[in-house]
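# Coordinates in review
These are the residues of each chain, in order.
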Amino acid sequence: MERWEAIVVGAGAMGTSALAHLARRGVRALGVEQFSLNHAHGSSHGRTRLLRTVYAEGPQYVPWVLRARELWQALEAETHRELFRPTGILQLGGPSGDQLDRALASARRRRVPHARLTAAQVRERFPAFHPADGTRAVFDPGGGVLFPERCLAAHARVAEERGARWNFNERVRAWSADADGVTVETSRGDYRADQLVIAAGAWVGHLVPSLPFHPLVERQSVFWFEPRRNEMEFAPERMPGFTWDAGGGPDRYFYGTPDFGDGPKFAGFSGHPVASADRVPRTIARRERDGVVRFVRQRFPDAAGPIRSETTCLFTHTPDRDFVLDRLPGRARVVVASPCSGHGFKFASVIGEAIAELVVDGRTRLNRRPFSLARFRPRRARPGGPRRRPPRAT
Ligand SMILES: Cc1cc2nc3c(=O)[nH]c(=O)nc-3n(C[C@H](O)[C@H](O)[C@H](O)COP(=O)(O)OP(=O)(O)OC[C@H]3O[C@@H](n4cnc5c(N)ncnc54)[C@H](O)[C@@H]3O)c2cc1C
């Protein structure tokens with residue numbers, strides 16, 4: 001039976017990065033992926049991802065996102081391919097939306113550069129956007145757009161160049177750990193490893209049934225539009241990536257990216273819970289399309305031509321929407337790095353680095369306590385009641 005120092009399950013955003021960082025650290029590592037690289041069944045496809053540094057999910061994410069951006073830029077220099085476009089990110093919300101207040105509080109606490117804009121200033125500076133008077137906005141000049149397929153390919157290549165091996169189209173069926181190592185059983189055979197990293201995204205519950213929570217998998221849809229007029233407004237030099245809390249609940253939260261050649265991309269957060277990542281209905285209902293079309297007509301009227309293309313993608317949430325990056329309790333040889341909810345992509349570079357630190361050094365430089373599994377254990381009630389579930393954000 002082949003023996004490896006580490007096996008990584010999954011070649012999505014987290015797995016490709018983990019294998020690259022492990023290989024950089026000199027670890028003899030194998031990556032096992034059930035599909036091909038950059039397949040469209042998981043969470044890491046769709047041409048663009050937002051990288052925000054003004055972080056409403058909490059100031060604890062800021063050191064992680066700053067290190068993540070540094071690592072993406074280093075990977076870009078190493079692989080000579082554009083991975084990140086610093087378009088800035090505009091976050092918009094109504095007069096009383098608390099998402100923007102949290103974003104501002106986090107930026108102030110961590111001294112992240114940002115600028116508050118009125119609706120008139122947004123219309124003047126970014127003519128693609130048509131916010132109503134009273135809309136508040138925060139511009140995040142350090143944010144931008146990542147190109148996910150290129151990011152995965154870059155990490156996968158670095159991993160191979162540093163001596164790691166990928167086994168694609170091979171599914172991990174089961175694993176077991178003992179005092180001497182981990183046995184991984186796949187559709188092609190069995191392997192032994194000193195340590196196992198599970199970066200299985202929406203499939204994490206299949207491989208780790210003992211998780212102390214039920215991962216919620218949701219199918220999302222995204223759309224690329226054909227602008228009707230003034231298409232230069234949607235060029236990345238003139239249109240930042242954005243999130244927009246249009247008020248009225250999670251179904252009225254939208255985001256998008258400028259036109260990188262396929263038309264501007266727009267999407268909402270009206271997700272559909274699915275029972276299993278293996279059985280996801282991929283047909284997009286008219287109702288889902290209509291919600292986004294209405295938003296685009298109202299707030300980006302020049303973009304509201306026909307839909308050029310569309311795709312579906314999976315979000316996998318923890319109950320508090322924060323990540324999991326931890327050793328499995330009672331299984332010290334197993335690291336779980338999923339799920340990363342609906343906002344994980346930007347962090348993949350640093351999560352891969354942190355996984356390699358955990359495997360090699362036994363600890364991470366950045367504080368990963370907010371991502372621990374122990375937070376899901378039953379505790380005494382918090383003073384002031386339970387923590388509110390934060391809104392969705394990408
Ligand atoms: C529509 C959409 C928009 C998003 N927008 C943003 C954004 O703007 N910014 C941001 O930061 N984040 C965003 N996210 C979230 C982000 O993309 C995800 O958090 C991230 O891609 C998750 O990566 P992953 O590696 O955990 O999962 P995946 O990419 O799904 O990778 C998991 C891999 O494991 C493999 N696997 C699973 N089980 C097995 C097995 N048994 N054997 C072998 N292989 C297995 C799967 O095939 C898969 O390739 C978005 C997500 C979606 C869906």
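Residues numbered from 1 in each chain as written. Predicted model: local features only at pLDDT ≥ 70, side-chain atom pairs only at ≥ 80, totals over all residues. Heavy atoms only, no water.

Assignment of secondary structure puts G205 in helix α6 (residues 204-207). For G205, a relative accessible area of 28% puts it in the partly exposed group. The sequence separation of G205 and T135 amounts to 70 residues, and the corresponding C-alpha distance is 40 Å. (Helix = DSSP H or I, 4+ residues; strand = E, 2+ residues; numbered from the N terminus. Buried < 20%, exposed > 50% of the residue type's maximum accessible area, 1.4 Å probe, protein only.)

A few words now on the site of the ligand. Taken together, 37 residues lie near the ligand, and E33, H39, S44, C313 and T394 sit nearest. Contacts to the ligand include V172, whose backbone N or O atom sits 2.9 Å from a nitrogen atom. Compared with its free state, where it exposes 1000 Å², the ligand has 98% of that area covered by protein. If you list the elements that add at least two residues to the shell around the ligand, you get α1 (13-24), β3 (49-51) and β18 (307-317). For the shell around the ligand, the leading source of residues is β18, giving three residues. Here the residues of the shell around the ligand are counted per class, giving 19 nonpolar, 13 polar and five charged. Split by domain, the residues of the shell around the ligand number at least three in each of domain 1 (2-44 + 149-213 + 320-376) and domain 2 (87-144 + 215-317). (Near = heavy atom within 4 Å. Polar contact = N/O pair within 3.5 Å; in protein donor to acceptor, adjacent residues only side chain to side chain. Areas by Shrake-Rupley, 256 points an atom, 1.4 Å probe, with all protein chains shown as cover. Nonpolar A, V, L, I, M, F, W, Y, C, P; charged D, E, K, R; others polar. Domains from an automatic or database assignment.)

Right, let's talk about the pattern of salt bridges for a bit. For the structure on display, the rule yields 30 salt bridges. Of the charged contacts, one joins R123 and D133 as a salt bridge, the two residues approaching to 2.9 Å between their closest N and O atoms. Remark: D133 occurs in the loop between α4 (119-125) and β7 (136-140) and R123 occurs in helix α4; sequence separation between them is ten residues. Exposure remark for R123: the relative accessible area of 33% places this residue in the partly exposed category. Judged by its relative accessible area of 65%, D133 is exposed. R157 is paired through a salt bridge with E161; the nearest N and O atoms lie 3.0 Å apart. (Salt bridge = Lys/Arg side-chain N within 4 Å of Asp/Glu carboxyl O.)

Right, let's get into unusual backbone geometry. The peptide bond linking S338 to P339 adopts the cis configuration, its omega dihedral lying at -5°. Among the secondary structure elements, P339 is positioned in the loop between β20 (331-336) and α8 (348-361). One non-glycine residue, R321, lies in positive phi territory at about 70°. Take R321: it is sitting in the loop between β18 and β19 (326-328).

Another point: the packing of aromatic side chains. By convention here, two paired aromatic rings are described through the distance between centres and the angle between planes. In the structure shown here, the tally under the stated rule is 31 aromatic pairs. Judged by centre distance (5.3 Å) and plane angle (40°), the rings of Y55 and Y61 are tilted. With a centroid separation of 4.9 Å and 35° between ring planes, the pair formed by F242 and F300 is classed as tilted. Here F242 is found in strand β14 (residues 241-245), whereas its partner F300 is found in the loop between α7 (286-299) and β18, with 58 residues between them in sequence. The ring of F139 has R125 sitting right over it, with the charged end atom 4.7 Å from the ring centre. Seen from the ring of F147, R150 lies directly overhead, with NZ or CZ sitting 4.5 Å from the centre. (Phe/Tyr/Trp six-rings, centres within 6.5 Å; stacked < 30°, edge-to-face > 60°. Lys NZ or Arg CZ within 6 Å of the ring centre and 35° of its normal.)

Positionally, D322 belongs in the loop between β18 and β19. Reaching out from D322, the side chain makes a polar contact with the side chain of Y61 at a distance of 2.5 Å.

Let us look at helix α5 (residues 148-161). Along its 14 residues, α5 runs 20 Å from first to last C-alpha, staying within 8% of the 20 Å computed at 1.5 Å per residue. Among the residues of α5, those classed as buried are P148, C151, L152, A154, H155, A156, V158 and A159. Residues of α5 that are buried in the fold lie against α1, β3, α2 (62-79), β8 (144-146), β9 (165-167) and α8. Positive phi shows up at G163, right after α5, with a value of about 105°. (Expected span 1.5 Å × (residues − 1). Contact = heavy atoms within 4.5 Å.)

Counting residues in hydrophobic clusters, the biggest one holds 59 residues, and the most contacted among them are L22, W72, L325, F347, I351 and I355. Elements that contribute at least two residues to this core include exactly β1 (2-9), α1, α2, α3 (98-110), α5 and α8. Non-local contacts of F347, meaning those with residues more than four positions away in its chain, are made with Y55, Y61, W64, V65, A68 and F323. Judged by nonpolar contacts, the second largest core, of 32 residues, contains A200, V204, L207 and V336. (Core = buried A, V, L, I, M, F, W, Y, C linked by side-chain atoms within 4.5 Å.)

This brings us to α7. With 14 residues, α7 ought to run about 20 Å at 1.5 Å a step, and its terminal C-alpha atoms sit 20 Å apart, in line with that. Within the span of α7, buried status applies to E288, G291, V292, V293, F295, V296 and R299.

Per the domain assignment, the segments making up the protein are domain 1 (2-44 + 149-213 + 320-376) and domain 2 (87-144 + 215-317). On a C-alpha basis, the centroid separation for the pair domain 1 and domain 2 is 30 Å. Counting residues at the interface gives 18 residues for domain 1 and 13 residues for domain 2. Between domain 1 and domain 2 the total buried area reaches about 1200 Å² when both faces are included, carbon and sulfur atoms providing 53% of it. Put simply, domain 1 and domain 2 have one salt bridge between them. A salt bridge links R171 to D278, with the nearest nitrogen and oxygen atoms 3.0 Å apart. The interface formed by domain 1 and domain 2 holds six residue pairs in polar contact (both at pLDDT 80 or more) in total. Its residues placed into classes, the side of domain 1 that touches domain 2 shows eight nonpolar, eight polar and two charged. (Buried area = accessible area lost by both parts, 1.4 Å probe.)

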